[in-house]
Structures are given as structure tokens and as C-alpha cells.
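Residue-level listing of the chains:
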Amino acid sequence: MINFKKYGKRCLSLFLAASMILMPSVQTFAEEETAAATTDSTQTEEEDRETQRQNCYAIAPDSNSVENWPQGPATYADSAIVMDMNSGAVLYSKQIEKKHYPASITKLLTTLVALDNAELTDTVEFSQDSISFLEYGDAHIGMTPGEQISMEDALYAVLLASANEVSYAVAESVGKKMGGGYDTFIQAMNDESEKLGCTGSHWTNANGLHDENHYTTAHDLAMIAQEAYKNEEFRKIVGNRYYTIPATNKTAEERVLANHHALLGEGDWHYDGCLGGKTGYTDTALNTLVTYFEKDGTVYICVVLHYKGTEVFTDTVMLAEYTKEFEKLQVSPKKYTLSGGTAVVPKGTTTDALEIQSTQNEDGNEQETFLFNGYEVGQAVVDKKAYEADKKAEEAQ
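These figures come from a predicted structure and were not determined experimentally.

Caption draft 1: Broad picture of the sheet that holds strand β11 (residues 337-340). Here we have four strands laid out as an open sheet, ordered β11-β15-β14-β13, and antiparallel in their pairing. Looking at strand neighbours, the two that pair on one side only are β11 and β13 (354-360), the edges of this open sheet. Strand-to-strand twist of the sheet, defined as the mean angle between neighbouring strand axes without regard to direction, takes the value 25°. Where β13 lies against strand β14 (residues 366-372), seven bridges are found, and the strand directions are antiparallel. Bridging from a neighbouring strand, Gln-357 pairs with Thr-369 of β14.

Written out as C-alpha cells, the structure is:
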């Protein structure tokens, strides 16, 4: 469990190290007037940040308006969501359809598309284009034109080190395998996003560096994270703390990568149950974070967006603890359930408290949606033919 009392002492240094943001040196001037102006400017920035913080905390979670629903914590996040991995039920929602810049958590979708369209043994070769776009301060691992690594090594670099040049090279390599190039891969990202039901997203690059037309929502990201986590190799990569890329055709030295997600690490920041995730930061997107964690055998996804500070981790911990107010309830009979069948509900809830809406899908099966006071808490696809056949057999006896 995290020691909250120690957060304030270690937040800033740990977070900056985790995000690999290299800040330019600032010249110091001796003149008293300049020093005074700097002090005033700093005080103004702090005041503005405090005002922003209070405004964000004042925005009530939308999920708190559900009758008899456990009241979720106030968060500094402008948008936040906690979603059950299996059912997609949303336990906590705060402006989850509001559009934001995602920064490097874009790389979850990049990895998902790469895993769907390439093999881990494929070779990723770095072009001049995959290197030359980098600017000062962009996270990278020092790849050079003509250098080659495996797709597996590349995806570790994408998710653990948040390497922007590797994300580009992966997109370029997989795009060529798909019969096109970098733009082909970006289109595949948008196609995948749409297929998953995302309605507030548009992707223009594979790394998340700022672009006004590159945006998403907390809900969309949760659905993308949900789909990615179904892949065994993705789960292995995103949950690893360290990884070593061996020497290449251009570099004799190994590259040792470390996962940036502080809750997965050791020490005061460690959080029991954290399964991994992805950090992100740009000056415009601010801090963004996706976290997978497990409570009482249930895996949840937490997405928090748009922070000016390190509360990105403390909010995530509060939201993880909030899930203790819920439990999983079997609603549809397991014998006939093809998928889903459970609901995530406030502790103590019985099936009698749920409304079940049923429709017939294209396969002739029953599509069920479970509602708690009008709020969706789970779904199921039920084998209607098998159910009716058993029912007839029972009546005939």
C-alpha cells in the first residue's frame, strides 16, 4: 500500500524521472529586479495552479448522480474513468466523453495495432524519417538510421521507455507489411479505434507527440486499453518493470529499459495489485496515465487525463481503492451464457435489484444489458436456443 504521507516529499522527483522529460537549462540572472519579477511570476503560476486544482476538484463525478451508487472521490483529473476489464461496466466516470490530447498513452493503440498485424520476430529497421522528427526533450533510446531490432524489442521500447522514434519505426515497418507505409498504419489505428466503438478519437501519429487533430477521451482510451489487455504478449510487456535490448547491427552496447509507471515500482510508490500501464506527458496534454490493477480477482482499468502535477498517481490510487465498494454478481446462468453474464455492483446488491433489458442479436441469441437504477453495470450474450430446448425438455417431463 502506498504511504500517502510521503507523497509530497517524493512526487516531483520521481515523476520527472519517470516521464523522461529533459528540461533545458535556464540562465540565472543576478539583477534584483529580474529576481523579483521571477518570484512574482512563480507566485502567479502557483496561484493559477491552485485555482485550477480547486476547479477540477469541484467537478463532481457523473457516476455520483446514480441513485444508491457509492460516492466516488473528488479528483484533480479533468477526466477520469474506472472500468471493469471483463464487462466494460464503468464504476467511476468524470467527463469521460470530453476530448483531450492523450500524449504517450497513444502507444497503447500503437502496440495493439502492431500486435494484430505483425509477428514478434519481424525486423524493425529505422529510417531517417523515424529519427529526424525528434525534437529536444522527446523521449527516445538513441536509435540510429539503418539500425535493426526485433518487433518484440521494439514494443518493449514503446511501452516501457516510451521511445518516440521506436513508435514511428514500428508504425512504418508494420505499415509496409500491410502494403503501404507509415500513413497506412495511422489509418489502421483510426480503423481499430472505430471498430472498438470509440466515438471521440482521432489519431495522426503513433507516439502521441502534440497535434491538434490527435485526440481522444477517457472512455475511448479505456476501451482501447481493454482490447489491448486481451493480448497475452501485451500483458507480458506492459507488466514488466525492466527489459534489455541486446546489441544491434549498429550499437555494441545493450539498452536497459525501465517501466515509467511508478505504481508498478518498488518503495513508497508501490501499489499492491498494479499490473502495469502507460504514462504520458506533453506541455499541452499535461500528465496522462492508464493503469491496470486487480482487486479481489477482478481486473480494472483506470484512465486519468489532463494534470498539471503528480496527482496523476495519487488520484489513480484513490480510484483503485474506491473499487472496494463493489463486487461482481453472476446474473445470467453460466450454463447458457456465451459471453459476459456478470455485473459489477455496489456490495450487497442482489439480482432482484437489477433491470434486465433483452434484445435478439443477428445470431438469434439473447443480448442482455444489466441496469442498476438505470445505470449499465454489465452485459451478456445468452444461448437462447439451448435455454428454450432445456425448458421444453423440463416441461415435457
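Still more to cover.
Caption draft 2: Geometry of the environment of Val-238. By the element assignment, Val-238 lies in helix α9 (residues 232-238). The class for Val-238 is buried, based on a relative accessible area of 1%. In contact with Val-238, other than residues within four places in its own chain, are Leu-159, Tyr-229, Asn-259, Leu-264, Leu-275, Gly-276, Gly-277 and Tyr-292.

Caption draft 3: Structural context of the packing of aromatic side chains. Summed over all chains, the structure comprises 14 aromatic pairs. A ring pair is formed by Tyr-229 and Tyr-292, whose centres lie 4.2 Å apart and whose planes are at 25°; its orientation type is stacked. You can see Tyr-229 sitting in helix α8 (residues 218-229) and its partner Tyr-292 sitting in strand β8 (residues 286-295), a full 63 residues away along the chain. Tyr-292 carries the same exposure label as Tyr-229, and that label is buried. Considering the side-chain rings of Trp-269 and Phe-313, the 5.1 Å spacing of their centres and the 70° angle between planes classify their relative orientation as edge-to-face. One end of the pair, Trp-269, is in the loop between β6 (255-258) and β7 (274-282); the other, Phe-313, is in helix α10 (residues 311-322), with 44 residues separating them in the sequence. Classification of Trp-269 by relative accessible area gives buried; the value is 3%. Cluster of aromatic residues (ring-pair linked, three or more members): Trp-69, Tyr-92, Tyr-322, Phe-326, Phe-372 and Tyr-375. Its guanidinium or amino end placed over the ring of Tyr-76, Arg-53 lies 5.1 Å from that ring's centre, counting from NZ or CZ. A cation sits over an aromatic face here: Arg-235 above Tyr-229, 6.0 Å from the ring centre.

Caption draft 4: Representation of helix α3 (residues 107-117). Burial analysis of α3 places nine of its eleven residues in the buried class, which makes it a mostly covered element. Of the positions making up α3, those classed as buried are Lys-107, Leu-108, Leu-109, Thr-110, Thr-111, Leu-112, Val-113, Ala-114 and Leu-115.

About the criteria used
Residues numbered from 1 in each chain as written. Predicted model: local features only at pLDDT ≥ 70, side-chain atom pairs only at ≥ 80, totals over all residues. Heavy atoms only, no water. Pairing = 2+ DSSP bridges. Helix = DSSP H or I, 4+ residues; strand = E, 2+ residues; numbered from the N terminus. Axes fitted to C-alpha atoms, helices over the stretch in contact; angles between N-to-C directions. Buried < 20%, exposed > 50% of the residue type's maximum accessible area, 1.4 Å probe, protein only. Contact = heavy atoms within 4.5 Å. Phe/Tyr/Trp six-rings, centres within 6.5 Å; stacked < 30°, edge-to-face > 60°. Lys NZ or Arg CZ within 6 Å of the ring centre and 35° of its normal.

Interpretation note: all reported values are geometric properties and have no functional meaning in isolation.
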